[in-house]
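Read off the chains here:
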Amino acid sequence: MIKKLKPFLFLLLSIVSCTKQEQQKVIERDNQTLKKGIEVGLIDSLYSKILDQERKLVIYLPESAKSSKRRRNQYPVVYLLDGDYNFVSFVGMLKRYSEMNDTKILPEMIVVGIESIDSNSRMMDFSPTPEGNPEQFGGGDKFLEFIKTELFPYVEQNYFGSKNRTIIGHSFGGLAVMNALTNHPEMFNNYLLIDGSLYFDNNLFLSNPKYKIEGKELKYKNLYVAIANTATYQTDLESIKKDTIRANRYVRHSLKLVEQINSSNTNLNMKWKYYENDTHGSTAFLGEVDGLRFFYSWFEFKAEHKYRTKYFIPQVPKDRFANLVKTHFDSVSKRIGYSFYPDEEWISSNAYMLLNYHKQPNQAREVFELNKEYYPESATVYKDLGDFYFSQKDTINAILNYKKTLEIKDDFSVKEILSKMK
């Protein structure tokens, strides 16, 4: 009986041994995954001669910036104050709205989270005046000078940053946003003020001529004001405007700022929103979403919606897909401040959509040719054109484009096609 069990025991022990080995492999693999993690941002630092400090930065690069083939020459940059606790949620939102194929309503952007050294550093950096206490407040102009003369060049030289810039400040950070807007408006295109501490220094930005919006020329500048429901007494905005209750000051002062802007001839492009159901903290994320969508409301290519039905046939030249693309992205380039083309892969996929789904080969050819205009050094562009002309039995143009492909890149599959065509 025992002899009959021995092979079974040996087999069982082998199974147990293999199972343990597999479990160990799974554990090792999981540990490697845990160690690798998900990369959200890069930790960097910059020594500032102006501040005489080493300043910690956390930087997000769009996925395309990590690929030499897909990388753009420049990206808009968001300078995010209080980067230590705002960064992760902001980047998650930005990835959703700029990198997901079904929701590309914002451009891909670089995010530079600027961290404060400590709470004292934060109060010093963000406050533009000493408010009678120069040991604690009043370093705002030096902080902006650090951003302008040291941080801007560093980001633009090392991270493909452009001069299309946004600054975001929440609470006390809102003072830095307002100081930049009223006294250094050349620094940024977009200013996002989230429940700012406008009570600072006797309502500085509402009463002091140097810091007030009134009298400033702010054409081509954009401001979004997010106001949280922090009122303890009264919830009616008209009542809050008129009261003097200290607890209601965040709402009251923000509403007064909006009124001043609306009554001033500054040419500032401004939008505001009262987040009635949100607190000082929860308004930050919602304000960031709405603010960026306001700043870049012109970015989404809405005209492509016409082609969501396969039965759409353009009746005028401007509605042809290639013309819609060129018109839209010429406008985007003008607004963003540099040449901005859609991704090569995106153009190609739409050309194939017109060919195979819409059955409109002439439109497909126009889009393939537009891709060549945008990316004249890409072998893939000419390969696509060769394939297109080959499908249309235009052998001459197919051969020309296949040969151009080989001039740029050695491609065995293209050589094989040419060999068979001969």
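What counts as what
Residues numbered from 1 in each chain as written. Predicted model: local features only at pLDDT ≥ 70, side-chain atom pairs only at ≥ 80, totals over all residues. Heavy atoms only, no water. Helix = DSSP H or I, 4+ residues; strand = E, 2+ residues; numbered from the N terminus. Rg over C-alpha atoms; globule rule 2.2 N^0.38 Å. Buried < 20%, exposed > 50% of the residue type's maximum accessible area, 1.4 Å probe, protein only. Contact = heavy atoms within 4.5 Å. Lys, Arg positive; Asp, Glu negative; His and termini not counted. Charge placed at Lys NZ, Arg CZ, Asp CG, Glu CD. Salt bridge = Lys/Arg side-chain N within 4 Å of Asp/Glu carboxyl O. pLDDT = per-residue confidence, 0-100. Polar contact = N/O pair within 3.5 Å; in protein donor to acceptor, adjacent residues only side chain to side chain. Pairing = 2+ DSSP bridges. Axes fitted to C-alpha atoms, helices over the stretch in contact; angles between N-to-C directions. Expected span 1.5 Å × (residues − 1).

Caption draft 1: Molecular detail of the overall build of the protein chain. Looking only at helices and strands, the protein chain has 15 helices and eight strands in total. Taken over C-alpha atoms, the radius of gyration comes to 29 Å for the protein chain, far larger than the 22 Å a tight globule of 422 residues would show. Per-residue burial over the protein chain gives 47% buried out of 422 residues. By sequence separation, contacts in the protein chain at least 24 residues apart represent 67% of the contacts at least 6 residues apart. If the 58 positive side-chain charges of the protein chain are averaged to one point and the 53 negative ones to another, these points end up 6 Å apart.

Caption draft 2: Here's a closer look at unusual backbone geometry. One non-glycine residue with positive phi stands out, namely D82, at about 55 degrees. Within the fold, D82 resides in the loop between strand 3 (75-81) and helix 2 (83-99). The phi dihedral of D201 is positive, around 50 degrees, even though this residue is not glycine. Mapped onto the secondary structure, D201 falls in helix 6 (residues 200-207).

Caption draft 3: Local environment of the pattern of salt bridges. Applying the stated rule across the entire model yields 22 salt bridges. Between D319 and K306 there is a salt bridge; the shortest N-O distance is 2.7 Å. Here K306 lies in the loop between helix 9 (283-295) and helix 10 (321-336) and D319 lies in the loop between helix 9 and helix 10, a separation of 13 residues in the sequence. The class for K306 is partly exposed, based on a relative accessible area of 34%.

Caption draft 4: Inspection of the confidence of the model for the protein chain at higher detail. Here the protein chain averages 90 in pLDDT, while 90% of its residues score no lower than 70. pLDDT under 50 marks residues 1-16. Its contacts with residues more than four places away, or in other chains, come to zero contacts.

Caption draft 5: Structural view of the side chain of N190. With respect to the helices and strands, N190 occurs in strand 6 (residues 190-194). For N190, a relative accessible area of 3% corresponds to the buried category. At a separation of 3.5 Å, a polar atom in the side chain of N190 contacts the side chain of Y296. Contacts of N190, omitting those with residues within four sequence positions, involve N164, R165, T166, I167, N222, F295 and Y296.

Caption draft 6: Molecular detail of the sheet that holds strand 4 (residues 110-114). The strand order 1-2-4-3-5-6-7-8 describes an open sheet built from eight strands, whose pairing is mixed. Strands at the two margins of the open sheet, each flanked by one partner only, are strand 1 (42-48) and strand 8 (269-275). Across the sheet, the axes of successive neighbouring strands diverge by a mean angle of 20 degrees, strand direction being ignored. Where helix 4 (residues 140-158) meets the sheet, its contacts fall on strand 1, strand 2 (53-60), strand 3, strand 4 and strand 5 (161-170), and the angle it forms with strand 1 comes to roughly 125 degrees.

Caption draft 7: A look at the pairing of strand 2. When strand 1 meets strand 2, the two strands line up antiparallel, connected through seven bridges. Note on strand 2: the bridge partner recorded for L46 is R55. Taking the residues between adjacent antiparallel strands as the criterion, strand 1 and strand 2 are bridged by four residues, where D52 takes a positive phi near 55 degrees. Both strand 2 and strand 4 contribute to a ladder of four bridges, which runs antiparallel. Within strand 4, the position partnered with Y60 by the bridge is V111.

Caption draft 8: Structural view of the pairing of strand 4. Most of strand 4 is tucked away, with five of its five residues classed as buried. Of the two faces of strand 4, the one carrying I110, V112 and I114 and the one carrying V111 and G113 are both buried. Bridging between strand 3 and strand 4 involves five bridges; their strand directions are parallel. Opposite Y79, over in strand 4, you have V112 as the bridge partner.

Caption draft 9: Here's a closer look at the environment of K210. By the secondary structure assignment, K210 is in the loop between helix 6 and strand 7 (222-228). Residues K210 and N183, spaced 27 residues apart in sequence, show a C-alpha to C-alpha distance of 7.7 Å. Residues contacting K210, with those up to four places away along its chain left out, are N183 and K216.

Caption draft 10: View of helix 8 (residues 249-263). When the terminal C-alpha atoms of helix 8 are compared, their 21 Å separation across 15 residues agrees well with the 21 Å that a helix rising 1.5 Å per residue should span. In terms of burial, helix 8 is largely enclosed, as 11 of its 15 residues are buried. Of all the residues in helix 8, the buried ones are R249, Y250, V251, R252, H253, S254, L255, L257, V258, Q260 and I261. In the core, the buried residues of helix 8 are packed alongside helix 5 (173-183), strand 6, helix 6, strand 7, helix 7 (237-242) and strand 8.

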